[in-house]
Amino acid sequence: MFASLFSMLMPINETFLINKLLEDEIISANYKVAMLIPSQTMFISNSIAVYFFTILNRTRDRQLLWKIIKKIELLSATIIGVITLIGIFVFPLVLQYVYGEKYLDCVGLSNLYWIVYGINSGFRLVALNLIPAFGNAKVSAFVSVISAVIHVCCCYFVIPIYGVYGAAMVLGIIYIIAGSVYWGYIYLFCKNGIDIQKHNG
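Here goes a summary of the coordinates provided. (Residues numbered from 1 in each chain as written. Predicted model: local features only at pLDDT ≥ 70, side-chain atom pairs only at ≥ 80, totals over all residues. Heavy atoms only, no water.)

### Here we look at unusual backbone geometry
Here the phi dihedral of glutamate 23 falls at roughly 50°; this positive angle occurs in a residue that is not glycine. Assignment of secondary structure puts glutamate 23 in the loop between helix 1 (2-22) and helix 2 (25-36). (Helix = DSSP H or I, 4+ residues; strand = E, 2+ residues; numbered from the N terminus.)

### Concerning the packing of helix 4 (residues 62-99) against helix 5 (residues 107-134)
Contact geometry for helix 4 and helix 5: axes closest at 9 Å, N-to-C directions at 160°. As far as their axial angle goes, helix 5 and helix 4 are roughly antiparallel. The chirality of how helix 4 crosses helix 5 is right-handed. In terms of residue class, the contact of helix 4 with helix 5 is made up of 17 nonpolar, 8 polar and 1 charged. (Axes fitted to C-alpha atoms, helices over the stretch in contact; angles between N-to-C directions. Parallel < 35°, antiparallel > 145°, perpendicular 65-115°, else oblique. Left-handed = near helix turned anticlockwise from the far one by under 90°. Nonpolar A, V, L, I, M, F, W, Y, C, P; charged D, E, K, R; others polar.)

### Section: helix 5
Along its 28 residues, helix 5 runs 40 Å from first to last C-alpha, staying within 8% of the 40 Å computed at 1.5 Å per residue. Along helix 5, the largest kink reaches about 40° and is centred on arginine 124. Across the 28 residues that make up helix 5, a large majority, 23, are buried. (Expected span 1.5 Å × (residues − 1). Bend = angle between axes of the 7 residues up to and from the residue. Buried < 20%, exposed > 50% of the residue type's maximum accessible area, 1.4 Å probe, protein only.)

### Quick look at the environment of leucine 65
Mapped onto the elements, leucine 65 comes out in helix 4. As for leucine 65 and glycine 118, which are separated by 53 residues in sequence, their C-alpha atoms are 25 Å apart. Residues within four places of leucine 65 in sequence aside, it is in contact with Leu56, Thr59, Phe134, Phe189 and Cys190. (Contact = heavy atoms within 4.5 Å.)

### A word on the packing of aromatic side chains
Per the counting criterion, the structure on display carries 8 aromatic pairs. Clustering of aromatic rings is evident, with ring pairs tying together Tyr31, Tyr113, Tyr117 and Tyr175. (Phe/Tyr/Trp six-rings, centres within 6.5 Å; stacked < 30°, edge-to-face > 60°.)

Spelled out as structure tokens, the structure:
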């Protein structure tokens with residue numbers, strides 16, 4: 001999916017800019033360790049969206065569609081929220097066991113990325129992946145492209161000043177804004193009762 005491709009580019013661009021702009025092997029190593037496991041929550045969100053995709057694709061009643069989507073979001077947010085909380089408390093223990101004490105200074109950054117990717121997986125990705133099932137897939141693609149461009153521009157200016165924490169904050173803010181746009185589109189789509197077949201055609 002085109003939208004998912006650009007969505008996945010943001011963490012890649014972030015990693016590239018951190019390595020290029022900071023040029024610090026220790027900071028880069030701490031960053032990679034800190035975001036590695038939290039970023040895996042995206043696969044859970046994607047799996048949930050794939051499971052419900054065909055159900056939404058067959059639904060033509062916009063009121064029923066909105067009810068189903070809200071239930072999917074509640075399910076996703078609950079699962080991701082629980083995993084995020086567990087990750088925040090358990091990851092430092094895993095970190096110490098796997099990597100030793102030399103990486104314990106990245107726990108704070110890791111906690112921030114648990115929150116950032118919790119927002120992404122529990123809020124933004126659900127909407128991004130479900131829109132093509134009933135609405136216009138171009139909406140997801142357009143917002144993803146714009147988000148990726150804004151993200152790389154912001155990171156370019158923020159990272160030299162605020163470092164990896166600034167990069168995480170930028171990513172989180174972009175996720176919140178993009179997710180709000182996706183959910184706004186879904187709400188208006190269901191509320192206004194746009195003809196689904198015509199809209200997809």
